[in-house]
4 protein chains.
Amino acid sequence: MRGYDDTRDDHLLRLRRIEGQVRGLQRMIDEDTYCIDVLTQIASVTKALQKVGLNLLDEHVRHCVVEAAAAGEGDAKVHEAVDAVARMLRT
Amino acid sequence: MRGYDDTRDDHLLRLRRIEGQVRGLQRMIDEDTYCIDVLTQIASVTKALQKVGLNLLDEHVRHCVVEAAAAGEGDAKVHEAVDAVARMLRT
Amino acid sequence: MRGYDDTRDDHLLRLRRIEGQVRGLQRMIDEDTYCIDVLTQIASVTKALQKVGLNLLDEHVRHCVVEAAAAGEGDAKVHEAVDAVARMLRT
Amino acid sequence: MRGYDDTRDDHLLRLRRIEGQVRGLQRMIDEDTYCIDVLTQIASVTKALQKVGLNLLDEHVRHCVVEAAAAGEGDAKVHEAVDAVARMLRT
């Protein structure tokens, strides 16, 4: 059972919308849309993806990390989560 | 005619791959994949999206901005491109 | 008492080094250093600053958030920490 | 002569303010400031640094890149500038 069990539908909805936005980007390229407008849309899709990531992170810390900490094994879980944040920052 | 005329196929290929990765993210959520692994994949999709953005930016500066500059109208185009970079940084 | 009590010296050392790097950036501007080299150095200082942020986040979650969770008040602390990550992502 | 010749003072002013903010971060650590408040301030300093980077990028493209393009050597300069943006994105 994952931290995101209650919110699966919300994540899936957001990801399906992002999939539609990525198809929209393909149409923009097909239709010779002005570069800057494509870049603006890419920034918007990136933001939407990171919002899913932040929601997952929130749930992960509230469930997995807190449970691990109660069992005396929190430190490794926290380092793992912070490493994931570092990867998000570095993209 | 856009700056990305010669490279349209490369952009479309990358965007179709990104679309597949976003569907992969939906499967990961459906199959209860460990949060941290989903986050790692989100960072990877974000990176792929930003690579498309950087390629578009490169072409845009080499074509639209340089042509505008030759016509004495470069400054506005440069500000516009740098604003687009600022939006990419802020996502 | 803060989560970073044991590691204060490490944070201060990193921040003093960053302060030196920012002075180095001023010298680079004074001495007409090539723009791209200044940008590379700005990226390096930004990375160093974010490393301090990630270290603080790690300690904060291991101490404040985990303690709050044990007292049944974890959710608000987690939301607050994830909001801080969102601000780091958006800069 | 660099692209930032006219704006040197503005860059230096911003960098001196950033230097002061980094010293402020050291005081915050010294005085046991709440982690989240330190993180918020780190995000603010990062943003200020990136603003200097964006200003330098703007000038660099308007001067060095456009001149190189007029001399038929624009492509290498554009790639170099976009690589610098990639490094800013990845920090």
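The coordinates are above.
What you see is a predicted model, and the numbers here were worked out from it, not measured in a lab.

About the cut-offs
- Residues numbered from 1 in each chain as written.
- Chains lettered and ligands numbered in written order.
- Predicted model: local features only at pLDDT ≥ 70, side-chain atom pairs only at ≥ 80, totals over all residues.
- Heavy atoms only, no water.
- Disulfide = S-S within 2.5 Å.
- Buried < 20%, exposed > 50% of the residue type's maximum accessible area, 1.4 Å probe, protein only.
- Helix = DSSP H or I, 4+ residues; strand = E, 2+ residues; numbered from the N terminus.
- Contact = heavy atoms within 4.5 Å.
- Buried area = accessible area lost by both parts, 1.4 Å probe.
- Salt bridge = Lys/Arg side-chain N within 4 Å of Asp/Glu carboxyl O.
- Expected span 1.5 Å × (residues − 1).
- Bend = angle between axes of the 7 residues up to and from the residue.
- Least-squares fit on C-alpha atoms with pLDDT ≥ 70 in both.
- Polar contact = N/O pair within 3.5 Å; in protein donor to acceptor, adjacent residues only side chain to side chain.

Student: Before we move on, could you go through the state of the cysteines and cite the residues and values that matter?
Tutor: Formally, a disulfide is one covalent bond, and it connects the sulfur atom of one cysteine to the sulfur atom of another. Evaluated as defined, the whole model comprises zero disulfides over all chains. As a non-bridged cysteine, Cys-64 of chain A has Cys-35 of chain B as the owner of its nearest cysteine sulfur, 5.0 Å distant. Overall, Cys-64 of chain A belongs to the buried group, its relative accessible area being 16%.

Student: I'd love a proper account of the environment of Ala-68 of chain D, names of residues and values included.
Tutor: Residue and element names in this part refer to chain D. The residue Ala-68 is located in helix 2 (residues 35-70) in this model. Sequence spacing of Ala-68 and Gly-24 is 44 residues, and the spatial spacing of their C-alpha atoms is 41 Å. Excluding residues that lie within four positions of it along the chain, Ala-68 makes contacts with Glu-73, Gly-74 and Lys-77.

Student: Give me the lowdown on the interface of chain B and chain A, citing residues and values where you can.
Tutor: For interface size, the figure often reported is the accessible area lost on association. Taken residue by residue, the interface counts 44 residues in chain B and 44 residues in chain A. Summing the contributions of chain B and of chain A, the shared interface buries around 4400 Å²; its carbon and sulfur component is 69%. There are four salt bridges connecting chain B and chain A. Its salt-bridge partner being Glu-19 of chain B, residue Arg-23 of chain A comes within 3.1 Å of it at the nearest N-O pair. Those elements that place two or more of their residues in the side of chain B that touches chain A are helix 1 (8-30), helix 2 (35-70) and helix 3 (74-90) of chain B.

Student: For helix 2 of chain D, give the residues involved together with the corresponding values.
Tutor: Residues and elements named next belong to chain D. For helix 2, which comprises 36 residues, the first-to-last C-alpha distance of 51 Å matches the rise-based estimate of 52 Å (1.5 Å per residue) to within 8%. Along its length, helix 2 reaches its greatest deviation from straightness, about 35°, at His-60. In the stretch just after helix 2, Gly-72 is the one whose phi turns positive, near 75°.

Student: Hey, could you go over the pattern of salt bridges for me, with residue numbers and the actual values?
Tutor: Per the stated rule, a full pass over the model turns up 28 salt bridges over all chains. Residue Arg-62 of chain C pairs with Asp-75 of chain A through a salt bridge whose shortest N-O separation is 3.6 Å. Here Arg-62 of chain C, found in helix 2 (residues 35-70), pairs with Asp-75 of chain A, found in helix 3 (residues 74-90), and the two come from separate chains. A single salt-bridge network, built from bridges that share partners, covers Glu-19 and Arg-23 of chain A together with Glu-19 and Arg-23 of chain B.

Student: Which residues make up the relation of the copies chain B and chain A, and what are the values?
Tutor: When chain B is fitted to chain A, the best match, at an RMSD of 0.0 Å, comes from turning it 180° and sliding it 0.0 Å along the axis. With respect to symmetry, the two chain copies, as superposed, fit the operation of a two-fold axis. Of the interface residues in chain B, 100% have counterparts in chain A that sit at the interface too, so the contact is made through matching surfaces.

Student: So what about the interface of chain B and chain D? Which residues, and what values?
Tutor: Between chain B and chain D, the contact holds 19 residues from the first and 19 residues from the second. Taken over both partners, the interface formed by chain B and chain D buries close to 1900 Å², and the fraction arising from carbon and sulfur atoms is 78%. Our enumeration of links across chain B and chain D arrives at two salt bridges. Viewed at the interface, chain D and chain B are joined by two residue pairs in polar contact (both at pLDDT 80 or more). Mapped by element, the contributors of at least two residues to the side of chain B that touches chain D are helix 2 and helix 3 of chain B. Per-element tally for the side of chain B that touches chain D: the top contributor is helix 2 of chain B, with ten residues.

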